[in-house]
Amino acid sequence: MSGKIIVLPDDLTNKIAAGEVIERPASILKELLENALDAGAKDITVELERGGCGSIRVTDDGEGIDREDAALAFCRFATSKIYQFDDIYKVQSFGFRGEALPSIASISRVEMVTRKRDALAGTRVIAEAGDIKEITETGCPAGTSVHVTNIFEPVPVRRKFLKSEHTEQGYCMDVISRLAISHTDLRLKVLAKGREVLNIPAARDARERLALVLGTDFLDQMLFLTAEKNGIRLHGFASQPGLTRANSRHIYCFVNRRFIRDHLINSAIMTAYRRLIEAKRYPAAVLLIDLPPHDVDVNVHPAKLEVRFRNPRDVYQMVVETLTGALAGSPLLSPPPEDGKLPRADFPAIRNYGKGVEEALKRYTLSSPSYSSERAGFRRPYFPQTTESQLFKESGGSGERPGLTFSDLSFLGQVGGVYLIFAAEDRMIIVDQHAAHERILFEKLKKKSADSDPSMMSQRLLMPEVISLPPRDFAFLMDCLPILEGCGFEIEPFGNDAVALKSVPSLVAKLEPKRMIMDFLEGFAVREVLALDEQREKIYAFLACKGAIKAQQDITSAEVKFLCRDLDSVPNASTCPHGRPVIVSFTFSDLEKMFKRR
Ligand code: ADP
Ligand code: MG
């Protein structure tokens, strides 16, 4: 019997293609906006009805379309952007598959009005459920306006997957924000239900644009990034370690101005923040990566939300190095409380001050030029040269204060058994002695091992301590042996289920050795599979924590001096290896405001 296999008709294939590309109204908007940009638009207006579920109109001042091309634009695989396969690796445009307009038209009604600048008349094309209904001449401004209505009417089942109009509008606004960030020279206006919700002029640089779309609060807490290597350029902003978020939604990544989600880049970002922020917290970051089109394949995802790099290692390394460098030199921040909020005070009297303190803290962090690399006194060992670029200009850093170093602060005393109070010229500074010492020890351990310094100080026990262990723990300890030895441990297997501990790192020599090994194994109770360097850092963090001066432990002024000197010499001094803050500071003007002196 024959006749089982048929070639699907165009209207069906278009609907199938639309299923991949057009998930929701925001996907339509994304495609229309990208077409406008590909047409060289400098001014775009977006109109949304019912959060984009009712209708979407995108009007641009781009090059427009010829009358004869206007109908073709609605045919599948009809594009003006590539002519042969290899062109995919040269294209600078967002689109090239010729899929968007036919896909959109197959699941809605599209009315396109377009005119080339030098043409006398424009063209109106109406397409409904995949069929062109009308092509007529019309008077219209130069550029293109595409109005999409009856969205998903030909495929009612898709409507069921839509969320509330409010949520769908949120998705649309996400698309718009991303575009605004990566296209600073664009004028953008957005109307929703006839009301203007966004109207932004062309920005001078990305900084300005970021402030507009993400808010100045966000921006002023950010470190500026720039680097160039192996033909890859990286620009962007990343949050100080003190400012973290509960999810990774505030990480924006663009490759050749295309917003993408990339596992590799995300993991590079998290690697740079490891041991700087608390577990399960995320930084905010905007990374714009530019590289030659032939080094990146953009044709690997239906909505082009993922790309494939020719040299993924290079990209990974560059992100890690640039971020690590910028983060290393960001001490003496007033770590803003999580998500900008102070923990709630327990006493009503204090609660009243809470707001004031919160505002003061905010003001401090807003006015503090903490992202400037010029803060004298702090080494920024890996901080890349900040050069001006077309996209980014580092802000002038007005109100630069003379540099502050921990060693220059005058120590006033300890309170609460753990907080060291210091006076600086213009502020009061509070340091958590344990967190500070932890960071110092951690960085020292890291450095020594990095140099594989044979003198990693080690102290021999008078008598080897034999510790018998369950098989799981025994095997795990054997796994960690090379790292532990690098830190100054001398441990030998003793039979099949015990170890003989002969030496310990001098920094934990005061501790009861057996207890410490048990604590160590407990700390790794969840035997996560960790990358080697992650495991190494976790071990350093453990030792740093064990070796560091504790709360309720007295500290002499001489010791404070050493602590300050060490803090000045290590990177990442603003947080401990678990990501908690090392210092908090209040400017005198913050204090004045708190005391209502002005
Ligand atoms: P692609 O963008 O992949 O080429 P589309 O289906 O999105 O495919 O668009 C088809 C063609 O229609 C484009 O190649 C372009 O020539 C033209 N086009 C679409 N939108 C616009 C616009 N806003 N301005 C100018 N030309 C456009
Ligand atoms: Mg397109």
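For the structure itself, consult the block above.
Owing to the predicted nature of the structure, the values given are computational and were not obtained by experimental measurement.

*Asks:* Explanation requested: the environment of Val190 in the structure shown.
*Replies:* Take Val190: it is sitting in strand 7 (residues 187-192). Classification of Val190 by relative accessible area gives buried; the value is 0%. When the C-alpha positions of Val190 and Val58 are compared, they lie 9.4 Å apart, and in sequence the two are 132 residues distant. In this view, Val190 contacts Val46, Met173, Ile176, Arg195, Glu196, Val197 and Leu198; residues no more than four positions away in its chain are not counted.

*Asks:* Looking at this model, I keep getting lost on the state of the cysteines. Mind explaining?
*Replies:* Such a bond, covalent and formed between the sulfur atoms of two cysteines, is termed a disulfide. A complete count under the given rule lists zero disulfides for this structure. The structure places no disulfide on Cys576, whose sulfur is separated from the nearest cysteine sulfur, that of Cys545, by 8.1 Å. Given a relative accessible area of 1%, Cys576 falls into the buried group.

*Asks:* Which parts of the structure should I look at to understand helix 7 (residues 206-214)?
*Replies:* Residue pairs spaced three or four apart in an α-helix point in one direction, given the helix's 3.6 residues per turn. Every buried residue of helix 7 is listed here: Ala206, Arg207, Arg209, Leu210, Ala211 and Val213. Positioned one or two residues after helix 7, Gly215 has a phi angle of 95°, which is positive.

*Asks:* What is the right way to look at the packing of aromatic side chains in this model?
*Replies:* When we look at a pair of aromatic rings, we describe it by the centre distance and by the angle of the planes. Considering all chains together, one arrives at seven aromatic pairs under this definition. Ring geometry for Phe411 against Phe422: centres 5.5 Å apart, planes inclined by 50°, an arrangement best described as tilted. Note that Phe411 is positioned in strand 16 (residues 410-415) and Phe422 in strand 17 (residues 419-423), a separation of eleven residues in sequence. Taking the relative accessible area as the measure of exposure, Phe422 reaches 1% and is therefore buried. Through successive ring pairs, a cluster of aromatic residues spans Tyr252, Phe254 and Phe259. Here Arg178 stacks its cationic end above the ring of Phe259, 4.0 Å away from the centre of that ring.

*Asks:* What should I look at first to understand the site of ligand 1 in this one?
*Replies:* Surveying the vicinity of ligand 1 reveals 20 residues, the closest of which are Asn35, Thr79, Ser80, Lys81 and Gly98. In the model, an oxygen atom of ligand 1 is placed 2.5 Å from a nitrogen or oxygen of the Ser80 side chain. Thr144 is positioned with one of its side-chain polar atoms (N or O) 3.3 Å from a nitrogen atom of ligand 1. For ligand 1, the accessible surface in isolation is 530 Å², of which the surrounding protein chains cover 93%. Of all the elements in the fold, those that place two or more residues in the shell around ligand 1 are helix 2 (25-38) and helix 4 (100-106). For the shell around ligand 1, the leading source of residues is helix 4, giving three residues.

*Asks:* Honestly, the packing of helix 14 (residues 513-523) against helix 15 (residues 532-547) in this entry has me stumped. Any pointers?
*Replies:* Helix-helix packing: each pair is described by the crossing angle between the helix axes and the interaxial distance. Where helix 14 meets helix 15, the closest approach of the two axes is 11 Å, and the angle between their N-to-C directions is 135°. Overall, the two elements helix 14 and helix 15 adopt an arrangement that is oblique. Note on packing geometry: the crossing formed by helix 14 with helix 15 is right-handed. The segment helix 14 lies against helix 15, with Met516, Asp519, Phe520 and Gly523 engaging Lys538, Ile539, Phe542 and Lys546. Its residues placed into classes, the contact of helix 14 with helix 15 shows four nonpolar, one polar and three charged.

*Asks:* Whenever I open this one, the pattern of salt bridges confuses me. Can you help?
*Replies:* Oppositely charged side chains are able to pair whenever their charged atoms sit close together. Counted according to the given criterion, the structure contains 28 salt bridges. The salt bridge involving Glu23 is made with Arg24; its shortest N-O contact spans 3.7 Å. Two residues, Arg187 and Asp43, come together in a salt bridge whose shortest N-O distance is 3.3 Å. With Arg187 in strand 7 and Asp43 in strand 1 (residues 43-49), this pair connects stretches of sequence that are 144 residues apart. Among the charged side chains, a network of salt bridges with common partners joins Arg274, Lys446, Asp533, Glu534 and Glu537.

*Asks:* Is there a simple way to explain the side chain of Thr322 in this structure?
*Replies:* Looking at the element boundaries, Thr322 is found in helix 10 (residues 312-328). For Thr322, a relative accessible area of 6% puts it in the buried group.

The rules behind the values
Residues numbered from 1 in each chain as written. Chains lettered and ligands numbered in written order. Predicted model: local features only at pLDDT ≥ 70, side-chain atom pairs only at ≥ 80, totals over all residues. Heavy atoms only, no water. Helix = DSSP H or I, 4+ residues; strand = E, 2+ residues; numbered from the N terminus. Buried < 20%, exposed > 50% of the residue type's maximum accessible area, 1.4 Å probe, protein only. Contact = heavy atoms within 4.5 Å. Disulfide = S-S within 2.5 Å. Phe/Tyr/Trp six-rings, centres within 6.5 Å; stacked < 30°, edge-to-face > 60°. Lys NZ or Arg CZ within 6 Å of the ring centre and 35° of its normal. Near = heavy atom within 4 Å. Polar contact = N/O pair within 3.5 Å; in protein donor to acceptor, adjacent residues only side chain to side chain. Areas by Shrake-Rupley, 256 points an atom, 1.4 Å probe, with all protein chains shown as cover. Axes fitted to C-alpha atoms, helices over the stretch in contact; angles between N-to-C directions. Parallel < 35°, antiparallel > 145°, perpendicular 65-115°, else oblique. Left-handed = near helix turned anticlockwise from the far one by under 90°. Nonpolar A, V, L, I, M, F, W, Y, C, P; charged D, E, K, R; others polar. Salt bridge = Lys/Arg side-chain N within 4 Å of Asp/Glu carboxyl O.

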